[in-house]
Amino acid sequence: MQIKNLFLSVLAYSVPAIVSAQDKIVKQNGETIEAKIKSVGTKTITYVRFDNQSGPEYTIIKKDVERIKYQNGSDDVFGLDEPVRRHHRRLQSTSSTDAASDPKEKYGRNLITLAPLQFTDNGLGLSLSYQRVLDKSGIIAFYMPVISTFDFNSRYFDNATQTYKNGNADMMIYVMPGVVLYPTGAFGHVRYGIGPSLVYATGEKSSYNTAYGGYTVVKTESRTQLGIVLNNSLNINPTTHIYLGLEVGLGFTYMNRVNGINQTSTGIAQGGFKVGYRF
């Protein structure tokens, strides 16, 4: 009887240990494979099924694997050039554990950029923008650029002097709240983004007319526009913090007023080269 009780006691302690003595392969799509790891190569991982360890060996592509949880409690986290091995720690919050072990979290959700070379249909200038990734996968981001440009190319012919003169450098300020959609996620070295933005623009517009006697009359009036543009961007992250980007947007106005008087609808164009900091 004592031998039987001893056997049952040993069995009771052994079964949980046997069950837990397995490796787990966690794929990028969230699927978990209970396995026994045979080898981890530069591009592939070889394993056998835990419930059939004498069966055939399987191979999985390394880039499809998020991490390996070994039976001894350590992890191999992939997604970088080399796996990062971490000692497994039991935390109270599962979500904080996932965030700490996810290499994508190294890219900050916030991005501030400056465009020292910016253009609109009004002229050349600069812009400052803020972007915030809204979801964990980095698919959707809120986008808020503020743009200021000047019409440096306005010239008119002065009949009085019979020469061309530079006109007013009419300034326009654009506020363009919108969203950016990243088909492959915002977190990575090179990413493409596309998304719409509303446009509110305010500033000045000058006109040049010849008056009686040949004198040129310069008239500067207020200008207000409401419209929408579709932005396309190439986003480059050389590091997890440094950002470089190119952006071009095209659209149209559905309100175009000069001195409070409605004008015909017109096109809107904007674009520039941006540098920024991600945090």
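Residues numbered from 1 in each chain as written. Predicted model: local features only at pLDDT ≥ 70, side-chain atom pairs only at ≥ 80, totals over all residues. Heavy atoms only, no water.

### Structural notes on the confidence of the model for the chain
Our working rule: The score called pLDDT rates the predictor's confidence residue by residue, from a low of 0 to a high of 100. Counting from the N terminus, the helices are the DSSP runs of H or I reaching at least four residues and the strands are the DSSP runs of E reaching at least two. Note on contacts: a residue pair is in contact if any heavy atoms of the two residues lie within 4.5 Å.
Here the chain averages 83 in pLDDT, while 81% of its residues score no lower than 70. Of all secondary-structure elements in the chain, the lowest mean pLDDT belongs to helix H2 (residues 94–101), at 40, while strand E14 (residues 178–181) reaches the highest, 98. Overall, residues 13–20 carries pLDDT values under 50, and its contacts beyond four positions in sequence, including any with other chains, amount to three contacts. In this model residues 80–105 is a low-confidence stretch, pLDDT under 50, and it forms 36 contacts with partners more than four residues away in sequence or in other chains.

### What about the packing of aromatic side chains?
Cut-off, in case you're wondering: Two aromatic rings, drawn from Phe, Tyr or Trp (for Trp, its six-membered ring), form a pair once their centres lie within 6.5 Å of each other, and the interplanar angle then sorts them: stacked below 30 degrees, edge-to-face above 60, tilted otherwise. Exposure classes here rest on a 1.4 Å probe applied to the protein chains alone. A residue is buried below 20% of its type maximum, exposed above 50%, and partly exposed in between.
What the rule picks out here adds up to three aromatic pairs. For the ring pair Tyr47 and Tyr58, a centre distance of 5.7 Å and an interplane angle of 25° mean the geometry is stacked. Residue Tyr47 is found in strand E3 (residues 44–49), and its partner Tyr58 is found in strand E4 (residues 58–61); the two are separated by eleven residues along the sequence. The partly exposed category is assigned to Tyr58, whose relative accessible area is 35%. When the ring of Tyr277 is compared with that of Phe279, the centres are 6.1 Å apart and the planes differ by 15°; the resulting orientation is stacked. With relative accessibility at 45%, the residue Tyr277 sits in the partly exposed group.

### Regarding the nonpolar core
One recurring pattern in soluble globular proteins: nonpolar side chains tend to sit buried together. Inclusion rule: Joining through side-chain atoms within 4.5 Å is the link that ties buried Ala, Val, Leu, Ile, Met, Phe, Trp, Tyr and Cys residues into a set, and such a set is a nonpolar core.
With eleven residues, the main nonpolar core is built from Ile25, Ile33, Ala35, Ile37, Ile45, Tyr47, Ile60, Val65, Ile68, Tyr70 and Phe78. Counting residues per element, this core draws most heavily on strand E2 (residues 32–40), which supplies three residues. Those residues in contact with Val65 that lie beyond four places of it in its chain are Ile25, Val26, Lys27, Gln28, Ile45, Ile60 and Phe78.

### Side note on the pattern of salt bridges
We count it as follows: Each reported salt bridge corresponds to a side-chain nitrogen of Lys or Arg within 4 Å of a carboxyl oxygen of Asp or Glu.
Counting across every chain of the model gives five salt bridges. For Glu221, the salt bridge identified is with Lys219, shortest N-O distance 3.4 Å. Note that Glu247 and Lys274 form a salt bridge whose closest N and O atoms lie 3.5 Å from each other. One end of the pair, Glu247, is in strand E17 (residues 242–258); the other, Lys274, is in strand E19 (residues 267–278), with 27 residues separating them in the sequence. Considered together, Glu247 and Lys274 belong to a single accessibility category, that of buried residues.

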